[in-house]
Amino acid sequence: MSTAKCMAPAAAPRCLFPGGREHRTTITAAEFKEWLKQFDADRDGRISARELREAIRRRGAWFPNLRAWRAVRRADRDGDGFVNDWEIENLVQFAEDELGFRISKEPEAAGGSGRASSSASLNRKR
């Protein structure tokens, strides 16, 4: 298995995870959101269809233009053409259904960021 496709110029986000673990079996929703933030080119906190197209293209999926358009259309509840922070859960669902991501709702047991979930029930599992 080659990690050559994960080697990119310093400024360009490429891998889903550092160290070439792009196709890991399952990721958390928090990890997916952090990965997605790399593609927020204008740093406005919203994901546009253009930014999402780049993320999908970098993941290696076919038809990134169509998939990005469909993802934004499905996730965008207020109709502004962007996926906001409060709409990101809809995008997580689309990524599972249409892009082949396996996303768990709970943070990983070993490690993971402390900001992965605000749910008290998840914090009690430690």
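In this numbering scheme, every chain counts its residues from 1 along its sequence in written order. Totals for whole chains, interfaces and linings use all residues, but because this is a predicted model, local features are given only for residues with pLDDT of at least 70 and pairs of side-chain atoms are given and counted only at 80 or more. Side-chain figures throughout are based on the complete set of non-hydrogen atoms in the structure, without hydrogens or water.

Novice: How do you make sense of the overall build of the protein chain when you look at a structure like this?
Specialist: The secondary structure content of the protein chain amounts to five helices and four strands. Every helix listed is a DSSP run of H or I at least four residues long, and every strand listed is a run of E at least two residues long, numbered separately from the N terminus. Going residue by residue from the N terminus, the α and β elements of the protein chain occur as β-α-β-α-α-β-α-β-α. For each residue, the accessible area found with a 1.4 Å probe, counting protein chains only, is set against the maximum for its type, and the residue is called buried under 20%, exposed over 50%, and partly exposed in between. Per-residue burial for the protein chain yields a buried fraction of 33% across its 126 residues. When checking whether two residues touch, look at their non-hydrogen atoms; a contact exists if any pair is within 4.5 Å. Sequence separation of 24 or more characterises 45% of the internal contacts of the protein chain that already satisfy a separation of 6 or more. Note on areas: Shrake-Rupley with a 1.4 Å probe; residue coverage comes only from the protein chains shown. As presented, the protein chain carries roughly 8000 Å² of accessible surface, and 52% of it is formed by carbon and sulfur atoms.

Novice: So what exactly am I meant to see when it comes to the packing of aromatic side chains here?
Specialist: The geometry of an aromatic ring pair is captured by two quantities: the separation of the ring centres and the angle between the planes. What counts as a ring pair is set by centres within 6.5 Å for rings of Phe, Tyr and Trp (its six-membered ring), and what kind of pair is set by the plane angle: stacked under 30 degrees, edge-to-face over 60, tilted for all other angles. In total, this model carries five aromatic pairs according to the counting rule given. Taken together, a centroid distance of 5.9 Å and an interplanar angle of 40° make the contact between F32 and W35 tilted. A residue pair is termed a helical-turn pair when its members lie 3 or 4 positions apart in one helix, as F32 and W35 do in helix α1 (residues 29-37) at three residues. Through a chain of ring-to-ring contacts, three or more aromatic side chains come together here, namely F32, W35, F39 and F101. Over the aromatic face of F82 sits the side chain of R46, whose NZ or CZ is 3.7 Å from the ring centroid. Here the basic side chain of R59 rests over the ring of F101, its NZ or CZ set 3.9 Å away from the ring centre. We call a charge positioned above a ring when the Lys NZ or Arg CZ atom is no farther than 6 Å from the ring centre and deviates by at most 35 degrees from the ring normal.

Novice: It is not clear to me how the confidence of the model for the protein chain should be interpreted in this structure. Could you clarify?
Specialist: Caution is warranted with low-pLDDT regions, since their predicted coordinates should not be read in detail. Confidence of the predictor in every single residue is expressed as pLDDT, which spans 0 to 100. In this model, the protein chain carries a mean pLDDT of 75, and residues with pLDDT of at least 70 account for 64%. Per-residue pLDDT stays below 50 along residues 1-22; that stretch engages in 30 contacts with residues further than four places along the chain or on separate chains. Confidence drops under pLDDT 50 across residues 109-126; counting only partners more than four residues distant or on other chains, this segment forms ten contacts.

Novice: What exactly am I supposed to notice about unusual backbone geometry here?
Specialist: Apart from glycine, the bulk of residues carry a negative phi angle, and the bulk of peptide bonds sit in the trans form. One non-glycine residue, R43, lies in the positive phi region at around 55°. Residue class for R43 comes out exposed when judged on its relative accessible area of 60%.

Novice: In this structure, what is going on with the environment of R53? I would like to understand it.
Specialist: Within the secondary structure, R53 is located in helix α2 (residues 49-59). As a C-alpha pair, R53 and F39 span 14 residues in sequence and 9.3 Å in three-dimensional space. Once you skip the residues sitting within four places of it in the chain, R53 turns out to touch P64, N65 and A68.

Novice: I would appreciate a short explanation of the environment of P64 in the present structure.
Specialist: If you trace the backbone, P64 turns up in helix α3 (residues 64-75). In sequence terms P64 and A49 are 15 residues apart; their C-alpha atoms lie 9.8 Å from each other. Non-local contacts of P64, meaning those with residues more than four positions away in its chain, are made with R53, I56 and R57.

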